[in-house]
Amino acid sequence: MLSKRLDIISPSCTIGISTKVKNMRQSGIDVISLSIGEPDFNVPRKAIDCGINSLNENCTKYDLVPGLTILREEICKKLLEENNCKYSIDEIVLASGAKDAITNALLAVTDPGDEVLIPKPYWVSYWEMTKLVNAVPVAIETNKKNDFKLTADLLEKYINPKTKLLLLNNPSNPTGSVYTKEELREIVDVCIEKNIYILADEIYERICYNDEFISIASLGDDVKDITITVNGFAKSAAMTGLRLGYTASNKEIAKGMSAIQGHLVSHPSLTAQYIGYGALKYCKDDIDNMVETYKHRRDLVTTKLDAMKYVNYVYPNGAFYVFIDLSQVAKKYKYNESFSVEFCDEFLSKYNVAIVPGQAFGIDEYVRISYACSEEEFIEGLNRLEKFILEIMDTNN
Ligand code: PMP
Ligand code: GLU
């Protein structure tokens, strides 16, 4: 008899689709993947060299639980210079990916039964992680007219004595929406007044196209004190497989997370930490170039989508996703349980293009595409999507 925990969680849909793509490719099928959010760039050379040098110098032993001192110093420097947030190194805790950082944070601040507010659509793992720590995920219904962004008014409606934490992702996966300073100010004022923590997942913060990115913790010392900022190296430095993320929080929370991490993983891989150090210290220009490329791709993808019939979408100002509204198609498409899951399955098997069903993010009439892949791939993938949609609409008209 296995743990009941397994009965309440579902495997990650994004990881499931990327595994399917890998298997199809291994069996010789030429699949286009617009599914998983994984940069197609290599980790910048100077960052890799830092990792190689550390191995040559035999930096392979256990180290400090919250992470390498030089890396935490570099993160503090980055947070101050780029995000206008002043942290000391004992407020930074490295983790094995942002996923691990979020889990550490949830474990450190929630008790069983505490409610965690999650604006919908949400990144697939927030819901399951919350359940895994025995807290209760509560979805906040947002409005498409407002690009699915949370507002202070909405937030207030969901707060009750059991509410412990708000999980806010900015820029958002899956919508690419980015919050303005004013929008954030109103949200954080509610959190301060009602005494709830904020987990600010800012992993896409470097991939922000128009306005200046505002880090929640920069809004004032009172906000900073209740905020756990999560960031990582997977998206900005293309280090997905190296598994490195971190939190910035007050000292008490950081100490709690270190205590937890000391038992669960000790610390993330030292080699990954040296590479992360190199990425922060020496690779700002490489990262800026990646962001420029994503911006160019965003423009191409949205131009293509603008020309397509039966679709509309949330205009993305950050991250590398587009959340596409297929509600017109859903009305015509014959499905049993979930429109988006069945639509994406059929699209993959007929057209060899992988995209992610909106259901994974809590909204079934949508699909998510990622443009963290070559121009050639996403243009061809979108041409096939257009064909599939027209086929559905023509057949059933
Ligand atoms: N937060 C969001 C919003 C994400 O999209 C992802 C996916 N990478 C993560 C956290 C987890 O990142 P990591 O790969 O560093 O664990
Ligand atoms: N976060 C990325 C995505 O949404 C990577 C996959 C995952 O970890 O969920 O596609």
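Everything below is about the structure printed above this text.
Residues numbered from 1 in each chain as written. Chains lettered and ligands numbered in written order. Predicted model: local features only at pLDDT ≥ 70, side-chain atom pairs only at ≥ 80, totals over all residues. Heavy atoms only, no water.

Caption draft 1: Looking closely at a nonpolar patch on the surface. On the surface, a cluster of nonpolar side chains totalling about 250 Å² of accessible area is made up of Leu107, Leu264 and Val265. Residue placement: leucine 107 occurs in helix 5 (residues 98-109). By relative accessible area, which is 35% here, leucine 107 ends up partly exposed. (Patch = residues over 30% accessible without salt bridge, like charges linked within 9 Å, V, L, I, M, F, W, Y side chains within 5 Å. Areas by Shrake-Rupley, 256 points an atom, 1.4 Å probe, with all protein chains shown as cover. Salt bridge = Lys/Arg side-chain N within 4 Å of Asp/Glu carboxyl O. Helix = DSSP H or I, 4+ residues; strand = E, 2+ residues; numbered from the N terminus. Buried < 20%, exposed > 50% of the residue type's maximum accessible area, 1.4 Å probe, protein only.)

Caption draft 2: Highlighting the pattern of salt bridges. Scanning the entire structure with this criterion turns up 20 salt bridges. In this structure, the salt-bridge partner of glutamate 386 is lysine 304, at a minimum N-O distance of 2.9 Å. Separated by 82 residues along the polypeptide, glutamate 386 in helix 15 (residues 375-396) and lysine 304 in helix 12 (residues 284-306) bring together distant segments of the chain. Residue class for lysine 304 comes out buried when judged on its relative accessible area of 19%.

Caption draft 3: Expanded view of helix 8 (residues 181-194). With 14 residues, helix 8 should cover 20 Å at 1.5 Å per step; its first-to-last C-alpha distance of 20 Å lies within 8% of that length. All buried positions along helix 8 are accounted for by Leu184, Ile187, Val188, Val190 and Cys191. Down the axis of helix 8, the buried side of the element spans an arc of 150 degrees, and every buried residue falls inside it. Pointing more than 90 degrees away from the buried face of helix 8 are the exposed residues Glu182 and Glu193. Residues of helix 8 that are buried make contact with helix 7 (152-158), strand 5 (163-169), strand 6 (197-201) and helix 9 (221-226). (Expected span 1.5 Å × (residues − 1). Arc of directions from axis to C-beta. Contact = heavy atoms within 4.5 Å.)

Caption draft 4: Up close: a negative patch on the surface. On the surface, Asp153, Glu156, Glu182, Glu186 and Glu193 cluster together into a patch of negative charge. Residue assignment for the negative patch shows that the elements contributing at least two residues are helix 7 and helix 8. Per-element accounting of the negative patch gives the leading share, three residues, to helix 8. Mapped onto the secondary structure, glutamate 186 falls in helix 8. (Lys, Arg positive; Asp, Glu negative; His and termini not counted. Charge placed at Lys NZ, Arg CZ, Asp CG, Glu CD.)

Caption draft 5: Representation of the packing of aromatic side chains in the model. The final tally for this structure, using the stated rule, is 23 aromatic pairs. Taken together, the ring pairs in this structure connect Tyr333, Tyr335, Phe339, Phe343, Phe347, Tyr351 and Phe388 into an aromatic cluster. Seen from the ring of tyrosine 87, lysine 224 lies directly overhead, with NZ or CZ sitting 4.6 Å from the centre. (Phe/Tyr/Trp six-rings, centres within 6.5 Å; stacked < 30°, edge-to-face > 60°. Lys NZ or Arg CZ within 6 Å of the ring centre and 35° of its normal.)

Caption draft 6: Region of the structure containing the site of ligand 1. The immediate surroundings of ligand 1 are formed by 13 residues, with Ala98, Asp201, Tyr204, Lys235 and Arg243 found nearest. Between an oxygen atom of ligand 1 and a main-chain N or O atom of lysine 99, the distance comes to 2.9 Å. Contacts to ligand 1 include asparagine 173, whose side-chain N or O atom sits 2.8 Å from an oxygen atom. Alone, ligand 1 offers 390 Å² of accessible surface; in the complex the protein occludes 94% of this. Taken together, the residues of the shell around ligand 1 break down into six nonpolar, three polar and four charged. (Near = heavy atom within 4 Å. Polar contact = N/O pair within 3.5 Å; in protein donor to acceptor, adjacent residues only side chain to side chain. Nonpolar A, V, L, I, M, F, W, Y, C, P; charged D, E, K, R; others polar.)

Caption draft 7: Looking closely at the environment of glutamate 342. In this structure, glutamate 342 sits in helix 14 (residues 339-351). Note on glutamate 342: relative accessible area 21%, which makes it partly exposed. With 201 residues separating them along the chain, glutamate 342 and glutamate 141 place their C-alpha atoms 24 Å apart. Discounting chain neighbours no more than four positions away, the residues touching glutamate 342 are Tyr333, Tyr335, Asn336 and Glu337.

Caption draft 8: Geometry of the site of ligand 2. In the vicinity of ligand 2, the contacting residues are Thr14, Ile36, Gly37, Lys99, Trp123, Asn173, Lys235, Tyr321 and Arg368. Between an oxygen atom of ligand 2 and a side-chain N or O atom of lysine 99, the distance comes to 2.9 Å. At 3.0 Å, a side-chain N or O of asparagine 173 approaches an oxygen atom of ligand 2. Considered on its own, ligand 2 offers 280 Å² of accessible surface; in the complex 91% of this is hidden by protein. Each residue belonging to the shell around ligand 2 can be placed in one class, and the counts come to three nonpolar, three polar and three charged.

Caption draft 9: Representation of unusual backbone geometry. Between lysine 120 and the following residue, proline 121, the backbone shows a cis peptide bond with an omega angle of 5 degrees. Structurally, proline 121 is set in the loop between strand 3 (115-120) and helix 6 (124-132). Residue proline 174 is reached from asparagine 173 by a cis peptide bond, and omega for that bond is 25 degrees. Along the polypeptide, proline 174 turns up in the loop between strand 5 and helix 8.

Caption draft 10: Summary view of the sheet that holds strand 7 (residues 227-232). Taking strand neighbours across the sheet as the criterion, the seven strands line up as 2-8-7-6-5-3-4 in an open arrangement whose pairing is mixed. Pairing within the sheet leaves two strands with one partner each, and these edge strands are strand 2 (92-95) and strand 4 (136-141). On average, each strand axis in the sheet is inclined to that of its neighbour by 25 degrees, with strand direction left out of account. Pairing analysis gives four bridges linking strand 2 to strand 8 (residues 245-248), with the strands arranged antiparallel. Bridging from a neighbouring strand, isoleucine 92 pairs with alanine 248 of strand 8. Packed onto the sheet, helix 5 meets strand 2, strand 3, strand 5, strand 6, strand 7 and strand 8 and runs at close to 165 degrees relative to strand 7. (Pairing = 2+ DSSP bridges. Axes fitted to C-alpha atoms, helices over the stretch in contact; angles between N-to-C directions.)

Caption draft 11: Up close: the environment of serine 338. Within the secondary structure, serine 338 is located in the loop between helix 13 (327-332) and helix 14. Residues serine 338 and isoleucine 287, spaced 51 residues apart in sequence, show a C-alpha to C-alpha distance of 38 Å. If sequence neighbours within four positions are ignored, serine 338 has contacts with Gln359 and Asp364. Polar contacts involving the side chain of serine 338 include one to the main-chain amide nitrogen of valine 341, which spans 3.2 Å.

The values are spatial; any link to function lies outside them.
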